[in-house]
Amino acid sequence: MRAAGVVAVIGGLCAVVAVVSLMQGTPDLSVGEVLEALFGSESEGNRQFIVRNLRLPRVIGAVVAGAMLGASGAVMQDTLRNPLAGPELIGVSAGASLAVATIIAFRLPFPGIALPIAALLAGLATGTVILSLVSLKTNPMRMLLVGAAFTALLNALVIAVITLAPNFGGVSVIYRFLVGSLSDVQWEEVRLVAPWTVTLLGVFLLAGRPLNILKLGDEVAEGLGVGVRRTRAVLFAAAVLLVAPVIAIAGPIGFIALVSPHIVRRLLRTSDARIVVPLSAVIGAILVLSADMAARLALHPHEIAVGLWTVALGAPALLVLMQRGILRRGALS
């Protein structure tokens with residue numbers, strides 16, 4: 001009963017935050033005005049354009065980005081049995097961001113639909129290299145240190161690529177590929193990532209049981225007929241697959257993947273992946289939506305990249321995890 005109540009509150013909160021995001025800006029709109037702009041006739045003119053073509057695609061992009069990051073973090077943490085596993089901490093986001101930044105900055109002949117694929121391949125390559133250097137049984141702090149080193153190197157390469165490119169786009173481009181920004185998300189970007197949401201639904205439906213089995217330990221999982229290495233590789237690839245389209249349209253929005261699963265586990269007091277993965281997606285959507293509202297409105301008319309707000313949220317959360325000994329305990333249970 002308690003779990004059902006928490007799920008209902010989380011779902012309702014996500015809907016409320018989305019509606020509030022559509023209302024806030026220049027001009028501020030009421031709920032009724034937002035509904036009229038969404039479902040009314042063309043006679044509403046400017047208000048309808050603002051809601052349908054400026055705010056709505058950005059809200060949908062934030063929801064999709066947050067959901068994919070939240071689910072990705074839950075899958076990575078359970079797959080690797082490491083509470084620190086997340087795309088921003090094991091180099092996946094930085095590697096994918098470098099690939100997309102290079103393609104865009106140097107105008108390489110890649111169609112837009114191929115950007116998530118390039119991000120996927122680069123993220124997989126980076127993550128694989130880092131994981132090959134860190135055993136799953138190693139203290140999580142070592143993964144954090146190795147991932148931080150690779151991330152710093154890759155971020156330096158991103159800066160080099162952007163500044164050396166012939167069509168350097170200024171500070172906004174650096175924001176997008178270093179910390180993440182939703183300011184350029186329009187319907188074209190939403191349509192780009194829409195097919196990838198099928199992957200997200202597939203993870204919801206299929207990942208829970210194998211993740212729960214992997215958490216029992218490799219020997220027990222093998223005894224239950226699960227090919228541990230193959231299953232872990234597939235699930236890790238699926239987690240990176242969720243991150244790739246986010247990097248392609250918004251850059252590396254940090255700490256959402258790390259924090260969202262821990263919030264769910266804390267609220268529901270469960271580590272059942274069948275519950276944690278989908279609800280981490282909802283929590284991720286709420287966090288990114290809220291951070292994007294702060295990015296747009298806190299210093300209006302100036303905008304701060306959404307990734308800076310999520311770092312402001314995630315860095316203290318990481319310190320809390322360290323203080324409470326989660327890093328020392330290592331594998332999730």
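Residues numbered from 1 in each chain as written. Predicted model: local features only at pLDDT ≥ 70, side-chain atom pairs only at ≥ 80, totals over all residues. Heavy atoms only, no water.

Peer 1: I keep staring at the overall build of the protein and nothing clicks. Help me out?
Peer 2: Across its full length, the protein carries 16 helices and zero strands. In terms of overall dimensions, the protein is globule-like: its C-alpha atoms have a radius of gyration of 20 Å, near the 20 Å expected for 333 residues. The principal-axis extents of the C-alpha atoms in the protein amount to approximately 65 × 55 × 35 Å. When burial is assessed residue by residue, the protein has 53% of its 333 residues classed as buried. Entry remark: accessible area of the protein is about 14,800 Å², with carbon and sulfur atoms responsible for 68%. One way to put it: in the protein the 24 positive side-chain charges average out to a point 12 Å from where the 16 negative ones average out. (Helix = DSSP H or I, 4+ residues; strand = E, 2+ residues; numbered from the N terminus. Rg over C-alpha atoms; globule rule 2.2 N^0.38 Å. Buried < 20%, exposed > 50% of the residue type's maximum accessible area, 1.4 Å probe, protein only. Areas by Shrake-Rupley, 256 points an atom, 1.4 Å probe, with all protein chains shown as cover. Lys, Arg positive; Asp, Glu negative; His and termini not counted. Charge placed at Lys NZ, Arg CZ, Asp CG, Glu CD.)

Peer 1: In this structure, what is going on with the nonpolar core? I would like to understand it.
Peer 2: The tendency in soluble globular proteins is for nonpolar side chains to be buried side by side. Membership of the largest hydrophobic core comes to 97 residues, with the highest contact counts inside it found for Met76, Leu182, Phe236 and Val277. Within the second largest apolar cluster, six residues are counted, among which are Leu89, Leu144, Leu258 and Leu318. (Core = buried A, V, L, I, M, F, W, Y, C linked by side-chain atoms within 4.5 Å.)

Peer 1: Hey, could you run me through unusual backbone geometry in this one?
Peer 2: Excluding glycine, residues mostly carry a negative phi; peptide bonds, for their part, are mostly trans. Note that the residue after Thr26, namely Pro27, is joined by a cis bond; omega there is 5°. The topology assignment puts Pro27 in the loop between α1 (2-23) and α2 (31-39). Positive phi outside glycine occurs at Arg81, with the angle close to 55°. With respect to the element layout, Arg81 can be found in the loop between α3 (46-80) and α4 (92-105).

Peer 1: Sorry, what's going on with helix α13 (residues 256-268) here?
Peer 2: Residues spaced three or four apart along an α-helix face the same direction, because each turn holds 3.6 residues. For α13, with 13 residues, the first-to-last C-alpha span of 18 Å sits near the 18 Å given by 1.5 Å per residue. Taking burial as the measure, the 13 residues of α13 include 10 buried ones, the bulk of the element. Inspection of α13 places Ile256, Ala257, Leu258, Val259, Ser260, Pro261, His262, Val264, Arg265 and Leu268 among the buried residues, and these make up the whole buried set. Directly beyond the C-terminal end of α13, a positive phi value near 50° is found at Arg269. (Expected span 1.5 Å × (residues − 1).)

Peer 1: Looking at this model, I keep getting lost on the pattern of salt bridges. Mind explaining?
Peer 2: Close approach of charged atoms allows side chains of opposite charge to pair. Considering all chains together, one arrives at eight salt bridges under this definition. Among the salt bridges present, the one from Glu303 reaches Arg58, with a minimum N-O distance of 2.6 Å. Residue Glu303 is located in the loop between α14 (273-297) and α15 (306-323), and its partner Arg58 is located in helix α3; the two are separated by 245 residues in the primary sequence. A relative accessible area of 32% means that Glu303 is categorised as partly exposed. (Salt bridge = Lys/Arg side-chain N within 4 Å of Asp/Glu carboxyl O.)

Peer 1: Is there a simple way to explain the environment of Asp78 in this structure?
Peer 2: Summarising the element assignment, Asp78 is placed in helix α3. With relative accessibility at 0%, the residue Asp78 sits in the buried group. Sequence separation between Asp78 and Leu211 is 133 residues, and the spatial gap between their C-alpha atoms is 6.1 Å. There is a polar contact of 3.5 Å between the side chain of Asp78 and the side chain of Arg265. (Polar contact = N/O pair within 3.5 Å; in protein donor to acceptor, adjacent residues only side chain to side chain.)

Peer 1: Is there a simple way to think about the environment of Ala291 in this case?
Peer 2: As for its position among the elements, Ala291 is in helix α14. Here Ala291 falls in the buried class, since its relative accessible area comes to 8%. Discounting chain neighbours no more than four positions away, the residues touching Ala291 are Val306, Trp309 and Thr310. (Contact = heavy atoms within 4.5 Å.)

Peer 1: Could you clarify how one ought to interpret a nonpolar patch on the surface in this entry?
Peer 2: Together, Val19, Val31, Leu35 and Phe39 line one region of the surface with nonpolar side chains, adding up to about 390 Å² of accessible area. The biggest single contributor to the nonpolar patch is α2, with three residues. Mapped onto the elements of the fold, Val31 is located in helix α2. (Patch = residues over 30% accessible without salt bridge, like charges linked within 9 Å, V, L, I, M, F, W, Y side chains within 5 Å.)

Peer 1: Where do I start with α14 in this structure?
Peer 2: Taking 1.5 Å of rise per residue, the 25 residues of α14 would be expected to cover 36 Å, and the 35 Å separating its terminal C-alpha atoms lies within 8% of that figure. In terms of burial, α14 is largely enclosed, as 18 of its 25 residues are buried.

Peer 1: Can you help me understand the environment of Leu287 in this one?
Peer 2: Turning to its location among the elements, Leu287 is positioned in helix α14. Looking at Leu287, the relative accessible area reads 17%, which means it is buried. In this structure the C-alpha to C-alpha distance between Leu287 and Ala67, which are 220 residues apart in sequence, comes to 9.4 Å. Contact partners of Leu287, with chain neighbours within four places excluded, come to Ile256, Val259, Ser260, Ile263 and Leu313.

Peer 1: Can you help me understand the side chain of Thr151 in this one?
Peer 2: Its place among the elements puts Thr151 in helix α6 (residues 140-164). Thr151 gets classed as buried once you look at its relative accessible area, which sits at 15%. Sequence-distant contacts of Thr151, defined by excluding residues within four places in its chain, comprise Glu88, Gly91 and Ala94.

Peer 1: I tried to follow the packing of helix α9 (residues 197-206) against helix α12 (residues 228-250) on my own but got confused; where do I start?
Peer 2: Think of two packed helices as two axes; the pair is described by the angle between the axes and how far apart they sit. Between α9 and α12, the shortest axis-to-axis distance is 9 Å and the interhelical angle comes to 145°. The hand of the α9/α12 crossing is left-handed. Side by side, α9 and α12 meet where Thr199, Leu200 and Val203 of the first sit next to Ala238, Leu241 and Leu242 of the second. By residue class, the composition of the contact of α9 with α12 is five nonpolar, one polar and no charged. (Axes fitted to C-alpha atoms, helices over the stretch in contact; angles between N-to-C directions. Left-handed = near helix turned anticlockwise from the far one by under 90°. Nonpolar A, V, L, I, M, F, W, Y, C, P; charged D, E, K, R; others polar.)

Geometric descriptors of this kind do not, in isolation, establish any biological role.
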